[in-house]
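Below are the chains, spelled out letter by letter.
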Amino acid sequence: MNAPLLSIVMPVYNVAPYLPRCLESLAALNPPADEIIIVDDGSTDDCPRILAEFAPRLPQMRVIRQDNGGLSAARNTGLDVAHGKYLAFVDSDDFVSPDAYTEALHLAEAEQLDMVLLNANYHFEGRQADYAIYSDASSTDVILGRDWLGRRLKAGRFLHMVWMHLYRRDFVESHAYRFVPRLIHEDVIWTTQALLAAQRVRYTGHVAVHYRIPLRSFTPEQSQRRLQSIVDSSVVNAEALAAMSDAMASDDELRQLLNDHLVDGALSVFHKLAKMPDRRAAGATLCRLREQGFLRLLWRHTRNVAQRRRIARHWLRSWFAGFGR
């Protein structure tokens, strides 16, 4: 029996208010996805009931339930069992267009692509008009993934989200790509390394996904945990991007663009520290970032004077924070 053409991998965790619309959109796909792998990552709300109710409408849906391990672990579980020639990721609080992958699958087959690069809309739940993530990018012929990465970094608009792409599964498996467990913004490492390795990609500009931007509120304790996770994950991402940059012996322009990108992103950790309700924990984290060499890593990967001033300023603050411990 032939392998399915398209596998969709979708983690689910406590998204009951959004899950029906997402599943409705998957049921409306034309052509239908051959395999939909749902990984219920320990949901404690109505998600299991909703999935059971949709099962008759999505006979190609397989639900795997596991203890809560985070988004990365859930995606990895889906990757381990996917059989499709091509892979797409969907987040269960978003929804997809009916023709999300129609053109992408045709192009991937006709042109033997490693990745098809798509577009998406920011969806504000009616608070304001939706708009496209990439409004400045035109469709391309078949190019290297690193060329697309360079164009986006040079434009200053690059979204790492893995659900903006269609992947050839053999390409993913040949590089043994998996997501780093318990990492926030886990797409950063995956998408960058995939684009650097991909030999044949094409950007279509087609809006495939509608990326929900909900209003959220957090208690001080929730905010502290969330901000700490973002800071810790940003350090891991910066270290991984630095390793990729350091390995670029023959592409000075792309290396510098990636350096600028990693430093810009990593400097946002100081905004997160400033927002932490627990000021003592924020100071301790700043000291740890200095002691573990994070500030040295940023200094080493930038030639930008303004960025170096910011790094130096936070290095000095880390010493004052240390005196107060």
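The paragraphs below set out a description of the structure included in this document. (Residues numbered from 1 in each chain as written. Predicted model: local features only at pLDDT ≥ 70, side-chain atom pairs only at ≥ 80, totals over all residues. Heavy atoms only, no water.)

With respect to the element layout, Ser233 can be found in helix H8 (residues 220-246). Among the polar contacts made by the side chain of Ser233, one reaches the main-chain amide nitrogen of Ile184 at a distance of 2.7 Å. Setting aside its immediate chain neighbours within four residues, Ser233 contacts Arg182, Leu183 and Ile184. (Helix = DSSP H or I, 4+ residues; strand = E, 2+ residues; numbered from the N terminus. Polar contact = N/O pair within 3.5 Å; in protein donor to acceptor, adjacent residues only side chain to side chain. Contact = heavy atoms within 4.5 Å.)

So, on to a nonpolar patch on the surface. Judged by side-chain polarity, Trp315, Leu316, Trp319 and Phe320 come together as a nonpolar surface patch covering roughly 460 Å² of accessible area. On the secondary structure map, Phe320 appears in helix H12 (residues 305-323). By relative accessible area, which is 61% here, Phe320 ends up exposed. (Patch = residues over 30% accessible without salt bridge, like charges linked within 9 Å, V, L, I, M, F, W, Y side chains within 5 Å. Areas by Shrake-Rupley, 256 points an atom, 1.4 Å probe, with all protein chains shown as cover. Salt bridge = Lys/Arg side-chain N within 4 Å of Asp/Glu carboxyl O. Buried < 20%, exposed > 50% of the residue type's maximum accessible area, 1.4 Å probe, protein only.)

Moving on: the packing of H8 against helix H10 (residues 279-291). Running from N to C, H8 and H10 point in directions that differ by 5°, and their axes come no closer than 12 Å. Here H8 is positioned roughly parallel relative to H10, judged by the angle of their axes. Contacts from Gln224, Gln228, Val231, Asp232 and Val235 of H8 reach H10 at Ala281, Thr285, Arg288 and Leu289. Grouping the amino acids of the contact of H8 with H10 by side-chain chemistry returns four nonpolar, three polar and two charged. (Axes fitted to C-alpha atoms, helices over the stretch in contact; angles between N-to-C directions. Parallel < 35°, antiparallel > 145°, perpendicular 65-115°, else oblique. Nonpolar A, V, L, I, M, F, W, Y, C, P; charged D, E, K, R; others polar.)

Right, let's talk about the pattern of salt bridges for a bit. Under the defined criterion, the tally for this structure stands at 19 salt bridges. Here Asp187 ties to Arg75 by a salt bridge, and the two come within 3.6 Å at their closest N and O atoms. A residue pair is termed long-range when its members are at least 10 positions apart, and Asp187 in helix H7 (residues 187-197) and Arg75 in helix H3 (residues 71-81) qualify at 112 residues. The exposure class assigned to Asp187 is buried, which follows from its relative accessible area of 5%. For Asp136, the salt bridge goes to Arg152, with nearest N and O atoms at 3.1 Å. Note that Asp136 is positioned in the loop between strand S7 (131-132) and helix H5 (145-155) and Arg152 in helix H5, a separation of 16 residues in sequence. For Asp136, a relative accessible area of 42% puts it in the partly exposed group. Look at Arg152 and you get buried, because its relative accessible area is 4%.

Further remarks concern the environment of Ser234. Its place among the elements puts Ser234 in helix H8. Of the residues examined, Ser234 reaches a relative accessible area of 12% and is grouped as buried. Separated by 115 residues in the primary sequence, Ser234 and Asn119 have C-alpha atoms spaced 25 Å apart. Among the polar contacts made by the side chain of Ser234, one reaches the main-chain carbonyl oxygen of Ile230 at a distance of 2.8 Å.

Turning our attention to the nonpolar core. Nonpolar side chains in soluble globular proteins tend to end up buried together. One finds Ile8, Leu23, Tyr101, Trp163, Leu166, Phe270 and Phe294 to be the most contacted residues of the largest nonpolar core, which totals 108 residues. Here this core gets 10 residues from one element, more than from any other, and that element is helix H9 (residues 252-275). Once residues within four sequence positions are removed from consideration, Phe294 is found in contact with Val235, Ala238, Ala266, Val269, Phe270 and Leu289. (Core = buried A, V, L, I, M, F, W, Y, C linked by side-chain atoms within 4.5 Å.)

A separate point is the state of the cysteines. Applying the stated rule across the entire model yields zero disulfides. The structure places no disulfide on Cys22, whose sulfur is separated from the nearest cysteine sulfur, that of Cys47, by 10 Å. By relative accessible area, Cys22 is classed as buried at 0%. (Disulfide = S-S within 2.5 Å.)

This next bit is on the environment of Asp34. Counting through the fold element by element, Asp34 comes out in the loop between helix H1 (19-27) and strand S2 (35-40). Take Asp34: its relative accessible area is 41%, and that puts it in the partly exposed class. For the pair Asp34 and Gln60, spaced 26 residues apart in sequence, the C-alpha separation works out to 6.3 Å. Once residues lying within four places of it in the same chain are set aside, the contact partners of Asp34 are Pro4, Leu5, Leu6 and Gln60. Engagement of the side chain of Asp34 in a polar contact is seen with the backbone nitrogen of Leu5, the distance being 3.2 Å. A polar side-chain atom of Asp34 sits 3.0 Å from the main-chain amide nitrogen of Leu6.

In short, shape yes, function no, at least from these values alone.
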